[in-house]
Amino acid sequence: MSTLTATASQEISAVSGPTHFLIRRLHSLTGVLFGGYICVHLLVNATLVEGSRHDGVATVYQQQVDKIHSLPFLWVISWTLILLPIIYHTIYGIYITLGGQPNLASYNYPRNWSYTLQRASALVLVFFIAFHYLTFTGTFGGDLGSRLTFVAVDDPSTPFSEATQSTINHLQAAWWVSYVIYPLGILAATFHLANGFWAAGVTWGLAITAKSQRRWGAVTVLLFLFTTACGFTALISALTAEVRHVPAQFKTHEKPEAALVAPTTPGARS
Ligand code: HEM
């Protein structure tokens, strides 16, 4: 703890006092907020274990995607709870990372390793989150860009659920996506999340004594194992499923006209 705070405070010389305190607390708070979102995200992704269905019934994953997309004021929720927090956390996190001095050579304690790995995983996450977001939202064209694009809306004219199928296509778009980017990205996210939650417990005064820090440490190790298991369940499930072509005209977040008039039965696509 003393190593953490001493090194962290040495990094910021330009801003000090209450402003520095608030900026750092906000960095911690945005990390915890985004961490909560990542837990839900990985849990939903793990439902890909069901695989792709070809019987016209919406997969559990598709149903979760539909629920999220039907939330009122979705754009307000995503900007306030997801996008703004991660943008702030990333910008200030890069500032901290570039200013921090790894001190593994001098103090080879587990917490120093955590300190360094927290920053190393942060840098991996900058690239991973950018790749994940830009490719899923269809920023890139061409055949690869198209295979990487996420299709949220279920098209009743195909026998599969578009959200599930486009996620499978995304994860199998190229060997380096399946076996380099995602394994690394999942591990960086789950380590950074769990180790970050440990540090946040200290930051907010919830784990102060050595005993409480050990106990909180055990909880966060379990969190790491659970979220990693969810992430790899999703990845392995997608890699063992069949790739199917998702029609290009539905590569949009808008509901296709046919879907608006399709009859709705529980669990069926709507
Ligand atoms: C999966 C996405 C992310 C989650 C869930 C997350 C969460 C967290 C949490 C909970 C903390 C602990 C805050 C505290 O010490 O009280 C933290 C620390 C940190 N995060 Fe993130 N973060 C994410 C992405 C990033 C990214 C992209 C960066 C960019 C550089 C970053 C940089 C940092 C740094 C440098 C720290 C250490 C701060 C310190 O030692 O005071 N994080 N993160």
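Criteria and cut-off values
- Within each chain, residues carry numbers counting from 1 in the order of the written sequence.
- Side-chain atom pairs in this predicted model are given and counted only at pLDDT of 80 or more, local residue features only at pLDDT of at least 70, and totals for whole chains, interfaces and linings cover all residues.
- Counting other C-beta atoms within 10 Å of a residue's C-beta gives its exposure: the residue is buried at 20 or more, exposed at 12 or fewer, and partly exposed in between, where C-beta atoms are placed from the backbone.
- To get an axis, a line is fitted to the C-alpha atoms, and for a helix only the part in contact is used. The angle between two axes follows their N-to-C directions and goes from 0 to 180 degrees.
- Counting from the N terminus, the helices are DSSP H or I runs at least four residues long and the strands are E runs at least two residues long.
- Oblique is the label for any angle not covered by the other classes, which are roughly parallel (under 35 degrees), roughly antiparallel (over 145) and roughly perpendicular (65 to 115).
- Crossing chirality is assigned from the near helix's rotation relative to the far helix, an anticlockwise turn below a right angle marking it left-handed and a clockwise turn marking it right-handed.
- Only Asp, Glu, Lys and Arg are considered charged in this grouping, and only Ala, Val, Leu, Ile, Met, Phe, Trp, Tyr, Cys and Pro are considered nonpolar; every other residue, Gly among them, is considered polar.
- Each helix should span, by expectation, one fewer than its residue count multiplied by 1.5 Å.
- The quantity called bend is, for any residue, the angle between two axes fitted respectively to the seven residues ending at it and the seven beginning at it.
- Remark: residues whose backbone-derived C-beta atoms lie within 7 Å of one another are considered to be in contact.

Asker: Explain unusual backbone geometry here, please?
Answerer: Note on backbone geometry: most residues besides glycine have negative phi, and most peptide bonds are trans. We note that Phe 73 has phi near 55 degrees; this positive angle belongs to a residue other than glycine. C-beta crowding within 10 Å serves as the criterion here: with 9 such atoms nearby, Phe 73 is assigned to the exposed category.

Asker: Help me out: how do you make sense of the packing of helix 8 (residues 175-203) against helix 9 (residues 210-239) in this one?
Answerer: Running from N to C, helix 8 and helix 9 point in directions that differ by 160 degrees, and their axes come no closer than 9 Å. The angle between the axes of helix 8 and helix 9 places the two elements in the roughly antiparallel class. Like other packed secondary-structure pairs, helix 8 and helix 9 cross with a definite hand, here right-handed. Its residues assigned to classes, the contact of helix 8 with helix 9 comprises 15 nonpolar, ten polar and no charged.

Asker: Whenever I open this one, helix 4 (residues 74-99) confuses me. Can you help?
Answerer: Given 3.6 residues per helical turn, the α-helix brings residues three or four places apart onto the same face. The end-to-end C-alpha separation of helix 4 is 36 Å, in line with the 38 Å expected for 26 residues at 1.5 Å each. Thr 80 marks the point of greatest bend in helix 4, at about 35 degrees. Every buried residue belonging to helix 4 is among Pro 85, Ile 86, His 89 and Gly 93, and all of these are buried. Looking at the buried side of helix 4, the elements it contacts are helix 2 (17-46) and helix 5 (110-136).

Asker: For this particular structure, what's the right way to read the environment of Arg 119?
Answerer: With respect to the helices, strands and loops of the structure, Arg 119 is situated in helix 5. With 17 C-beta atoms packed within 10 Å, Arg 119 lands in the partly exposed category. For the pair Arg 119 and Ile 96, spaced 23 residues apart in the sequence, the C-alpha separation amounts to 8.6 Å.

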